[in-house]
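Here are the chains, one letter per residue:
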Amino acid sequence: MISLARVLKVREVSTLAILLLEVAFFAWYLWPEDGRSHPFLNGGNALLIFKYSAIYGIAAIGAAMVIISGGVDLSPGAVIALSGVVTGHLFVNSGMGLGTSVGGGLLVGLLAGAVSAILVVPVRLPPFIATLGVMGIARGLAFIITEGRYFDVSSKMPGGWQPMGMPAGWVTPLVMVVLAALFQVFMKGFQWGRAIFALGGNETAALFSGIPVGRVKTFVYVVAGLLASIAGVLLTLVQGQGKADLATGYELDIIASAVVGGASLSGGRGSVLGAVLGTLIFGVLRNALPQIPGATFYDRLIVGVVVVGIVVMDQLIAKKGS
Amino acid sequence: MKWRSSALALWIAPALLAVACSSPGTRPQTTGQTKYRFAVMPKSLDIPVFNYAKIGAERQAKALGNVEVIWRAPDTADQLRQKEMLESFITQKVDGIAISCTNGDFLTETINRAVDAGIPVVTWDADAPKSKRTAYYGVDDLAAGKILGEEAAKLLGGKGTVALITSMGAYNLQRRLEGVQESLKKYPEIKVVEVFDIKEDSVRCVEIIATATNKYPNLSGWIAVGGWPVFTRNGLDPVDPKRTKFASFDTIPPAPDVMRAGKVQILLGQKYFGWGSEAVRLLADIKAGKLPPNPIIDSGVDVVTPANLDQYLAEWARLEKE
């Protein structure tokens, strides 16, 4: 029989345990005193947490892959904005169909990822600098295209738009869950996925083992760009606007989600499922902290304490394991 | 099992922080009278003018006796985060929402959903005119922009070159900018050399003023449709008041000191305390079945110049003590 201690040593399980503890804590702390319905523990609120966390979550899958490979990607926030802006521009201004416009938005992500990969692999720039540059370029292009305004996608969407017969708000969480499952299987069950871990663990050893290091790195950055653009296109379609300043600063939250979900910034360790659970941990904090009376100016402090706490705990577990 | 204790400790830390920062008096108390929870949302917590709206809202709530004000907003002006918080207030079933919209069109659908769910919504400072909100309290932004433009043109003697400062995206600032531009059109000898977008960031604003002063050393005047340039004492240091005049929205400290130092010649004051107090009063009236006769309540503006500065400050002191 598998012991509870062994089960909890699985990184995704311990992240899930932290998430459940967090939910239990806020359910207790925000328990209504005056007979009102529970402000936190209800279906509508759960959907809300999933809906907004999914924007980070989809991009965090790519961020986790990059971190596991030993790199870092600072561009997802800007790529989210640029993909949304391009989708909005094609759909609203150029009169293209929805499918073509979405394709254009996704192409932006692929191109942004490809540029990062070129700068990291053949040009040999440190990933931090390369993706910082791509972040600036993508955000700048988004502002140039919009000229500070926005594309009102909602005005051209069919009234009561329900993709595949479901409310628009459900689409993003569903896509996040499906992508998380697919990439978790890919990372754990396929040789190419395991090569990403090997690359992050020791690049020289990976090279001598016959792993095509350059191609694996290129693949990782291109996929990360594509995933960020999926988040951007969905954000634009569901929220109804393509705007250059959307998702400003989200890159740090996305990276933090991946780290909280078990990704090691020194590479070789992590999980895409853990990254998605990490975004949910942040999503619960974003949702619940504003509900605490009198805590208006304490939100950031508490989020900081939680991030540091989880990462310190992760380090302790890693030390014990080794 | 030590690490599991760490996990528990991790959640005790935020709990203690949350308990420490929430005073017992801020939780709703059960009394014989119907207690209302009104969410009052500025655009962000980092914009100083909104602190006075908070004072006004809390003062009005105290005067009414049966209202709890939940003052919440994103740390910085982030329209997606503001929308997420607004949706959260709907799931929490608050009794009313008063909001200053970072992007009115972006929030329209969510405001409509709140109203459809039976939660009255009023807007203040920045409107969402296409939404089902019951009322808007604040300046008529187009008219206020025209006043600012007219006063600035008079100050410049009807000729010269001017640069405009705004933050793209907010409906109210767009209207003010249109008002300024409309007034300046009446003066063919005034040429607008550039419109700067400072993205609701006072630091960025100061930087832009410094660089643009180098670029346009003979600029006759600056016109800012928000108070960012006068939110810091030394933001206008690069500007030579003998050569370049400055007209700006907003009169909150340290703007009067900046005027006393001769760096700004025209300030347009808004009804900062009224944003909060009137919004709360409107919501309380709506809950009592009393709708405002006109959905647009123009608060008017105060034109402050060095000539009437002392008189204005005396009135300000009275409002603060009230």
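Note that residues are indexed from 1 along each chain, following the sequence as it is written. The naming scheme follows written order: chains are lettered A onward, ligands numbered 1 onward. Only residues with pLDDT of at least 70 get local features here, since the model is predicted, and only at 80 or more are side-chain atom pairs given and counted; chain-wide, interface and lining totals rely on the full set of residues.

A. Examining the overall build of chain A more closely. Along its length, chain A carries 13 helices and 2 strands. Throughout, radius of gyration means the C-alpha value; the globule benchmark is 2.2 Å times the number of residues raised to the power 0.38. Taking 20 Å as the expected radius of gyration for a compact globule of 322 residues, we find that chain A reaches 20 Å, a close match to that expectation. Its C-alpha atoms give chain A principal-axis dimensions of roughly 65 × 60 × 35 Å. Exposure is read from a count of other C-beta atoms within 10 Å of each residue's own; the residue is exposed at 12 or fewer, buried at 20 or more and partly exposed in between. C-beta atoms are placed from the backbone. In chain A, which comprises 322 residues, the share counted as buried stands at 50%. Contact between residues is assigned whenever the C-beta positions, reconstructed from backbone atoms, fall within 7 Å. For chain A, contacts bridging at least 24 residues in sequence account for 77% of all contacts bridging at least 6. Strands are runs of DSSP state E lasting at least 2 residues, helices are runs of H or I lasting at least 4, and numbering of each runs from the N terminus.

B. Expanded view of the overall build of chain B. Along chain B, the regular secondary structure elements total 10 helices and 12 strands. By the burial criterion, 52% of the 322 residues in chain B qualify as buried. When contacts within chain B are restricted to residue pairs at least 6 apart in sequence, those whose partners lie at least 24 apart make up 74%.

C. Just the pairing of strand β8 (residues 221–224) of chain B, in detail. Residue and element names in this part refer to chain B. What you see with β8 is no split at all: Gly-221 and Ile-223 on one side and Trp-222 and Ala-224 on the other are buried throughout. Strands pair, by our definition, only if DSSP identifies at least two bridges between them. Strand direction decides the pairing type here: β8 and strand β9 (residues 245–249), joined by 4 bridges, are parallel. Of the residues in β9, the one forming a bridge with Gly-221 is Lys-245.

D. Spatial organisation of the environment of A:Leu199. Residue and element names in this part refer to chain A. Mapped onto the elements of the fold, Leu-199 is located in helix α8 (residues 191–201). Accessibility expressed as a C-beta count within 10 Å gives 25 for Leu-199, which makes it buried. Along the backbone, Leu-199 and Thr-279 are 80 residues apart, and their C-alpha atoms lie at a distance of 25 Å. In this view, Leu-199 contacts Ser-69, Gly-70, Ala-206, Ile-211, Val-213 and Val-216; residues no more than four positions away in its chain are not counted.

E. Focus on the sheet that holds strand β4 (residues 121–124) of chain B. Residue and element names in this part refer to chain B. As summarised here, the arrangement of the 6 strands in space is β2-β1-β3-β4-β5-β11, forming an open sheet in which the pairing is parallel. With partners counted over all chains shown, the strands left at the sheet margins are β2 (67–71) and β11 (296–298), one partner each. Across the sheet, the mean angle separating the axes of adjacent strands is 20° when strand polarity is ignored. A fitted line through C-alpha atoms serves as each axis, taken over the contacting stretch for helices, and the angle formed by two N-to-C directions is quoted from 0 to 180°. Its contacts with the sheet put helix α3 (residues 79–91) on β1 (36–41) and β3 (96–99), and the angle it makes with β1 is roughly 175°.

F. Structural view of the environment of A:Val213. Locating A:Val213 in the fold gives a position in helix α10 (residues 213–239). Setting aside residues up to four positions removed in sequence, A:Val213 forms contacts with A:Leu199, A:Glu203, A:Ala206 and A:Leu207.

G. Spatial organisation of helix α9 (residues 272–287) of chain B. All names here are of chain B. The span you would expect from a helix comes to 1.5 Å times its residue count less one. Taking 1.5 Å per residue, 16 residues should reach 22 Å; α9 reaches 24 Å between its end C-alpha atoms and fits that length. The buried fraction of α9 amounts to 13 of the 16 residues, a majority that puts the element mostly inside the structure. Gly-289, located one to two residues past α9, shows a positive phi value of around 85°.

H. Molecular detail of the packing of helix α3 (residues 43–68) of chain A against helix α7 (residues 168–189) of chain A. Residue and element names in this part refer to chain A. Relative to each other, α3 and α7 sit at 40°, their axes nearing to 8 Å. On the basis of the axis angle, α3 is oblique to α7. Along this stretch, α3 crosses α7, giving a crossing that reads as left-handed. Residue-level inspection shows Leu-47, Phe-50, Lys-51, Ala-54, Ile-55, Gly-57, Ile-58 and Ile-61 of α3 in contact with α7, the latter providing Gly-169, Thr-172, Pro-173, Val-175, Met-176, Leu-179, Ala-180 and Phe-183. In this classification, the charged set is Asp, Glu, Lys and Arg, the nonpolar set is Ala, Val, Leu, Ile, Met, Phe, Trp, Tyr, Cys and Pro, and all remaining amino acids, among them Gly, are polar. Residue classes in the contact of α3 with α7 are distributed as 12 nonpolar, 3 polar and 1 charged. In this scheme, roughly parallel covers angles under 35 degrees and roughly antiparallel covers those over 145, while 65 to 115 is roughly perpendicular and the rest are oblique. Crossing handedness is read from the near helix: turned anticlockwise from the far helix by less than a right angle, it gives a left-handed crossing, and turned clockwise, a right-handed one.

I. How the structure looks around the pairing of strand β6 (residues 160–166) of chain B. Residue and element names in this part refer to chain B. Among the 7 residues of β6, 5 are classified as buried, and the element is accordingly described as predominantly covered. Where β6 and strand β7 (residues 190–197) come together, 7 bridges link them in parallel fashion. If you follow Thr-161 over to β7, its bridge partner there is Lys-191. Where β6 and β8 come together, 4 bridges link them in parallel fashion. In the strand pairing of β8, Leu-164 is matched with Ile-223.

J. Up close: the confidence of the model for chain B. Residue and element names in this part refer to chain B. A residue-level look at chain B finds 90% of positions with pLDDT of 70 or above and a mean pLDDT of 88. Across the chain, each position has a pLDDT score giving the predictor's confidence in that residue, from 0 to 100. Ranking the elements of chain B by mean pLDDT puts helix α1 (residues 2–21) last, at 50, and β3 first, at 98. In the predicted structure, residues 22–31 sits below a pLDDT of 50 and forms 15 contacts with residues beyond four places in sequence or in another chain. Reported confidence for the predicted complex is 0.80 by ipTM and 0.81 by pTM.

K. Local environment of helix α5 (residues 98–120) of chain A. Residues and elements named next belong to chain A. Taking 1.5 Å of rise per residue, the 23 residues of α5 would be expected to cover 33 Å, and the 33 Å separating its terminal C-alpha atoms lies within 8% of that figure. Turning to α5, its buried residues are Ser-101, Val-102, Gly-105, Leu-106, Val-108, Gly-109, Ala-112, Gly-113, Val-115, Ser-116, Ala-117 and Val-120. Each element contacted by the buried residues of α5 is listed here: α4 (76–93), α6 (127–146) and α10.

L. Local environment of the nonpolar core. Within the largest apolar cluster, 98 residues are counted, with the highest numbers of intra-cluster contacts made by A:Ile61, A:Ala63 and A:Ala64. Dropping the residues within four chain positions of it, A:Ile61 is found in contact with A:Leu179, A:Ala180, A:Phe183, A:Leu227, A:Val272, A:Ala275 and A:Val276. Judged by nonpolar contacts, the second largest core, of 92 residues, contains B:Ala163, B:Val180, B:Leu184 and B:Leu219. What makes a nonpolar core is a set of buried Ala, Val, Leu, Ile, Met, Phe, Trp, Tyr and Cys residues, with links drawn between C-beta atoms within 7 Å.

M. Spatial organisation of the sheet that holds β6(B). All names here are of chain B. Sheet architecture is open: 6 strands sit in the order β7-β6-β8-β9-β10-β12, paired in mixed fashion. Each of the sheet's edge strands pairs with one partner strand only, and the pair in question is β7 and β12 (302–304). The average undirected angle you get between the axes of adjacent strands in this sheet is 15°. Of the strand pairs in this sheet, β9 and strand β10 (residues 266–269) are connected by 3 bridges, and their pairing is parallel. Pairing of Phe-249 across the sheet is with Leu-268, part of β10.

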